[in-house]
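So the chains spell out like this:
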Amino acid sequence: MKIRKAVIPAAGLGTRFLPVTKAVPKELLPIIDRPLLHYVIAEAVEAGVEEVIIVTSPGKESIGDYFRSYPELEQRLADNSDEGNLALVKEASDLARVSFVTQHQALGLGHAVLMAKDAVGDEPFVVVLPDDIIAHSPGAISQMVQVSDRLNAGVIAVEQLPWEVIHNYGVVDGVPESERVHKIRGLVEKPSREEAPSNLSIVGRYILPPQIFQILENTRPGAIGEIQLTDALVEMITAQELYAYRFQGRRFDGGTPMGLLKASLAFGLERADTREDARALLRELQGQED
Ligand code: UTP
């Protein structure tokens, strides 16, 4: 069945990005000139998503501003025949149909997803975390949709990480199905190096069946008092198949200052309109170091 809807949780506190997140939602922090949210919505749209449901919280109204149309500005740019900027102003509102639901308290990722239950209804959907930025064409969600179609089951994205850092992540216990796919038989949040069943860490892309909502409704707060999506997935795999897909592409952690810096550098070195200047700057800075 086609994946038409994406849920994007954006109601977290963004503490790893303080102090800027006192004033700017983490999800609106930019890589060059577009916010993190923009990149993940474009990735979802490329995969066939038509409707995006963003979970926000009170105080994050500026997220809505990004998707609103600005008739006055558009008129002004049109009067000046500034087609380039006119296209940029309209880009976000034209990306997809975007709606908003509110999570009044940051009670965890699972709770945030549950807030989108009515908006999603009775169909499979994709959960996309805007702080996981994945650079690849075709995008990670497109790749996952193909796997989900083939196996007719839910699919979550995973990345192979060094064993030394695995205790910071959710980890999958799986049986190999094909080169990039494992059938999941267990999931563990932040295991110790000794207890980790693999070094396949969960990344913020999940294609899920609608049954996950009933499970989330009955999921009690787990680690650090939050309702965890991982706990609901552990419950889900007792009744339904779920697969882990090792996506093609490079992931950046846009939720931390260092991750966003790396993403900005990598994107700056890649984009046609910034590449030359970015390379020149790197050469110049390296020269100064020596
Ligand atoms: P994170 O745990 O990375 O975001 O959640 P956070 O809690 O905002 O960040 P830190 O740890 O305090 O720095 C991943 C995504 O899930 C959303 C976040 O907004 C982020 O996009 N989220 C998290 C919610 O929507 N609600 C929550 O209760 C928790």
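Calculation rules
In every chain, residue numbers begin from 1 and rise along the written sequence. The predicted origin of the model limits local features to residues at a pLDDT of at least 70 and limits the giving and counting of side-chain atom pairs to 80 or more, whereas totals for whole chains, interfaces and linings rest on all residues. Remark: hydrogens and water are excluded; side-chain values derive from all non-hydrogen atoms of the structure. Each residue's exposure class comes from its accessible area (1.4 Å probe, protein chains only) as a fraction of the maximum for that residue type: buried when under 20%, exposed when over 50%, partly exposed otherwise. The secondary structure listing takes helices from DSSP runs of H or I that are at least 4 residues long and strands from runs of E that are at least 2 residues long, numbered from the N terminus. When DSSP finds two or more bridges between two strands, those strands count as paired. Here a residue counts as near a molecule or strand whenever at least one of its heavy atoms sits within 4 Å of it. Any N or O atom pair separated by 3.5 Å or less is treated as a polar contact, with the protein-specific requirement of one donor-capable and one acceptor-capable atom, and with residues adjacent in sequence counted only for side-chain atom pairs. For every accessible area listed, the method is Shrake-Rupley and the probe measures 1.4 Å; residues are considered covered only by the protein chains on display. Residues are grouped as follows: Ala, Val, Leu, Ile, Met, Phe, Trp, Tyr, Cys and Pro are nonpolar; Asp, Glu, Lys and Arg are charged; all remaining types, including Gly, are polar. A cavity, in this analysis, means grid points on a 1 Å lattice covering only the protein atoms where a 1.4 Å probe fits yet has no way out; a pocket is instead an open set bounded by protein on both sides within 12 Å along at least five of seven lines, and a residue lines either one if it has an atom within 4 Å of a point. Grid points are joined across faces, edges and corners, and a volume is the space filled by probe spheres set on the points. For this analysis, a salt bridge means a side-chain nitrogen from Lys or Arg found within 4 Å of a carboxyl oxygen belonging to Asp or Glu. A residue counts toward a patch only above 30% relative accessible area and without a salt bridge, and it is joined to like-charged neighbours within 9 Å or, for Val, Leu, Ile, Met, Phe, Trp and Tyr, to nonpolar neighbours within 5 Å. The rule is short: rings of Phe, Tyr and Trp, with Trp giving its six-membered ring, pair when the centres are within 6.5 Å, and they are stacked under 30 degrees, edge-to-face over 60, tilted in between. Residue types Ala, Val, Leu, Ile, Met, Phe, Trp, Tyr and Cys, when buried and joined through side-chain atoms within 4.5 Å, form a set referred to as a nonpolar core. In this description, contact between two residues means that some pair of their heavy atoms is separated by no more than 4.5 Å.

Caption draft 1: Main features of the pairing of strand 4 (residues 51-56). Burial analysis of strand 4 places six of its six residues in the buried class, which makes it a mostly covered element. Neither face of strand 4 is left uncovered, since the one carrying Glu 51, Ile 53 and Val 55 and the one carrying Val 52, Ile 54 and Thr 56 both have all their residues buried. Across five bridges, strand 1 (residues 5-9) lies against strand 4 in parallel orientation. The residue of strand 4 that forms the bridge with Val 7 is Ile 53. Direction of pairing for strand 4 relative to strand 5 (residues 97-102): parallel, over a ladder of six bridges. Across the sheet, Glu 51 pairs through a bridge with Arg 97, a residue of strand 5.

Caption draft 2: Highlighting the site of the ligand. In the vicinity of the ligand lie 19 residues, with Thr 15, Arg 16, Glu 27, Gln 103 and Gly 108 positioned nearest. Between the ligand and Pro 9 there is a distance of 2.8 Å, counted from an oxygen atom to a backbone nitrogen or oxygen. Here Leu 107 contributes a backbone N or O atom positioned 3.3 Å from an oxygen atom of the ligand. Alone, the ligand offers 560 Å² of accessible surface; in the complex the protein occludes 84% of this. The residue inventory of the shell around the ligand, partitioned by class, reads ten nonpolar, five polar and four charged.

Caption draft 3: Layout of the layout of surface pockets. Its boundaries defined by the atoms lining it, the largest pocket holds a volume of some 1200 Å³. Looking at the largest pocket, it is lined by 36 residues, and the ones nearest its centre are Arg 16, Leu 109, Leu 129, Asp 131 and Glu 226. For the lining of the largest pocket, the elements supplying multiple residues, two or more each, are helix 5 (109-114), strand 11 (200-208), helix 9 (229-236) and strand 13 (250-253). It is strand 11 that contributes the most residues to the lining of the largest pocket, three residues altogether. Looking at the lining of the largest pocket, its residues break down into 16 nonpolar, ten polar and ten charged. If you trace the second largest pocket, you find 13 residues lining it, with Arg 250, Arg 251, Phe 252, Asp 253 and Lys 262 closest to the centre. Contributing elements (two or more residues each) for the lining of the second largest pocket: strand 13 and helix 10 (257-270).

Caption draft 4: Inspection of the pattern of salt bridges at higher detail. Taken as a whole and assessed by the stated rule, the structure comprises 21 salt bridges. For Glu 43, the salt bridge identified is with Arg 205, shortest N-O distance 3.0 Å. Of the two residues, Glu 43 is situated in helix 1 (residues 36-46) and Arg 205 in strand 11; the sequence distance between them amounts to 162 residues. Overall, Glu 43 belongs to the buried group, its relative accessible area being 8%. Note on Arg 205: relative accessible area 0%, which makes it buried. In this structure, the salt-bridge partner of Asp 132 is Arg 251, at a minimum N-O distance of 2.6 Å. Of this pair, Asp 132 sits in strand 7 (residues 132-135) while Arg 251 is found in strand 13, placing the two residues 119 residues apart along the sequence.

Caption draft 5: Broad picture of a nonpolar patch on the surface. A grouping of Met 258, Leu 261 and Leu 265 is seen on the molecular surface, where their side chains present a nonpolar patch of about 290 Å² in accessible area. Relative to the helices and strands, Met 258 resides in helix 10. Classification of Met 258 by relative accessible area gives exposed; the value is 52%.

Caption draft 6: Seen up close, the packing of aromatic side chains. Across all of its chains, the model carries five aromatic pairs by this definition. Between Tyr 66 and Phe 67, the ring centres sit 5.2 Å apart and the planes meet at 85°, which makes this aromatic pair edge-to-face. Geometrically, the ring pair formed by Phe 125 and Phe 213 is stacked, given 5.0 Å between the ring centres and 10° between the ring planes. Taken together, the residues span a long stretch of sequence, with Phe 125 in strand 6 (residues 125-128) and Phe 213 in helix 8 (residues 212-217) at a distance of 88 residues. Of the two residues examined, Phe 125 and Phe 213, each falls in the buried class. One aromatic cluster is present, built from ring pairs that chain together Tyr 39, Phe 252 and Phe 267.

Caption draft 7: Geometry of the nonpolar core. Among the nonpolar cores identified, the biggest contains 46 residues, and Ile 8, Ile 31, Ile 41, Ile 54, Val 126 and Ile 133 are the most heavily contacted of them. Filtering out sequence-adjacent residues up to four positions away, Ile 31 remains in contact with Leu 36, Tyr 39, Ile 133, Leu 260, Ala 263, Ser 264 and Phe 267. Listed in part, the 34 residues of the second largest apolar core include Ala 112, Ile 156, Phe 213 and Ile 215.

Caption draft 8: How the structure looks around helix 1. Buried residues dominate helix 1, accounting for eight of its eleven residues. Residues Leu 36, Leu 37, His 38, Tyr 39, Val 40, Ile 41, Glu 43 and Ala 44 constitute the buried set of helix 1. Gly 48 sits one or two positions beyond helix 1 and adopts a positive phi of about 105°.

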